[in-house]
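Observations on the three-dimensional arrangement
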Amino acid sequence: MAGGASEAYEAILALVPLDFSDPGDPLERIRAKFAEVHGLDPGPGVDVVAHDRGVEVRPETSTDDEPSLDDRVVFFVHGGGFVTSPARDYTFWAAHVARRCGLATLVAEYRLAPETRFPDQLDDLDAAFDELIAGGHAPSRVVVMGDSCGGGMGLATLVRRRDRGLVPAGAFVGLGGWYDLEANDVDGPTGDPFVHPDWLRLRGRDYVGPDGDPAHPHASVVHADHVGMPPMLLQTGDLDPCLPGASRLAAAAIEAGVAVTVDVVPGVAQGFQGMADLVPEADRAWRSVAGFIERHVPRVM
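Residues numbered from 1 in each chain as written. Predicted model: local features only at pLDDT ≥ 70, side-chain atom pairs only at ≥ 80, totals over all residues. Heavy atoms only, no water.

1. Considerations on the packing of helix α3 (residues 91-101) against helix α8 (residues 280-296)
Formally: Interaxial angle, 0 to 180 degrees, is taken between N-to-C directions of lines fitted to C-alpha atoms, where a helix line uses only the stretch in contact. What counts as a helix is a DSSP run of H or I of at least four residues, what counts as a strand is a run of E of at least two, and both are numbered from the N terminus. For any helix crossing, the convention is left-handed if the near helix is rotated counterclockwise from the far helix by under a right angle, and right-handed if that rotation is clockwise. Residue contacts follow a heavy-atom distance rule, with two residues in contact if any of their heavy atoms lie within 4.5 Å.
The contact between α3 and α8 brings their axes to 10 Å, and the two run at 60 degrees. In the packing of α3 onto α8, the handedness of the crossing is right-handed. Contacts between α3 and α8 involve W93, H96, V97, R100 and C101 from the former and D283, W286, V289, A290 and I293 from the latter.

Next up, the structure:
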């Protein structure tokens, strides 16, 4: 069991099949398993609008007829191990952001691996981000957020924007972000039923291809130059095998002069933020995210 976690969380974790992240699963089985836990109803209090480059989830008070006075927006890069879960399957995650942070959230679409290889996914995200800015959003008012592999790809998008001489964004939030495709600091299972380290490494290879370099700084952003990156919140559970990579990223970013907040939640695995309204750990985590955004990208009154 997940020591230090709430009874509610441990009860949910006990329902997860022990072979959920079986490294031997074929692609079809991986996608079937993820389809069972994603694609959930976003619930009340939000509006869902499809876009060419993703799906936008807005608080109900923010409509085209009555525009919100809040000019901030979240650019959300979804997880799924690079190989599963298109943007529409992440509307329930975006709904948590919209409700908990009060911000419109665009879940950006990108082509999945292994049918599409790195860096084409980042090109998709670049195009979606550029379209968001062309629509009138100032980069400094955009919060880039991503979970799991989406955390790494979201940060890589900001690194690439900086390298193009552009303002990256106002802030970055990684939720169980996966920043080191090789999981170099993880020797074996960590107690996280959702993500086995060997499964991670295989999905990283799906992303970069058999001849690709998983240590490329745009694939494993732990190796990137972080000078000029916006303030970062790196939030993860202490069972998550991506935690060591997040710790290395935090150290490198701080050395580069970036303001970094590290939030490690005891006793929980990757993706616990998706259990908001069900477990107290997730509810507290979203309060931390909302507070971080308000401190670094405050609402203009």
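And the narrative resumes.
2. With respect to the nonpolar core
Here is the rule: Nonpolar cores were defined as sets of buried Ala, Val, Leu, Ile, Met, Phe, Trp, Tyr and Cys residues, with membership established by side-chain atoms within 4.5 Å. Residue burial is assigned from relative accessible area. The probe radius is 1.4 Å, only protein chains are included, and a residue is buried under 20% of its type maximum, exposed over 50%, and partly exposed in between.
Counting residues in each nonpolar core, the largest one holds 94 residues, and the members touching the most others are F75 and M145. At seven residues, α3 tops the list of elements feeding residues into this core. Aside from chain neighbours lying at most four places away, what touches F75 is L106, A108, L125, A128, F129, L132, V142, V143, V144 and M145.

3. Describing the pairing of strand β1 (residues 46-51)
Heads up, the rule is: Pairing between strands requires that DSSP locate at least two bridges from one strand to the other.
Across six bridges, the pairing between β1 and strand β2 (residues 54-59) is antiparallel. The partner of V48 across the bridge, within β2, is V57.

4. Focus: helix α6 (residues 197-208)
Quick note on the threshold: Here the expected span of a helix is defined as 1.5 Å times the quantity of residues minus one.
Compared with the 16 Å implied by 1.5 Å per residue over 12 residues, the 17 Å span of α6 between its first and last C-alpha is a close match. Those residues of α6 not exposed but buried are P197, W199, L200, R203, G204, D206, Y207 and V208. Elements that come into contact with the buried residues of α6 comprise α2 (27-37), α4 (120-134) and α5 (149-163). G209 sits one or two positions beyond α6 and adopts a positive phi of about 90 degrees.

5. A word on the side chain of D263
What counts, and what does not: Two residue types count as positive, namely Lys and Arg, and two as negative, namely Asp and Glu; His and chain ends fall outside the count. A pairing counts as a salt bridge when a side-chain nitrogen of Lys or Arg comes within 4 Å of a carboxyl oxygen of Asp or Glu. Two N or O atoms count as a polar contact when they lie within 3.5 Å, although within protein this holds only if one can serve as hydrogen donor and the other as acceptor, and sequence-adjacent residues are included solely when both atoms are side-chain atoms.
Counting through the fold element by element, D263 comes out in strand β8 (residues 260-265). As a buried residue without a salt bridge, D263 has its nearest oppositely charged side chain in R295, at a separation of 8.4 Å. At a separation of 2.9 Å, a polar atom in the side chain of D263 contacts the side chain of Q235. Discounting chain neighbours no more than four positions away, the residues touching D263 are L233, L234, Q235, T236 and S288.

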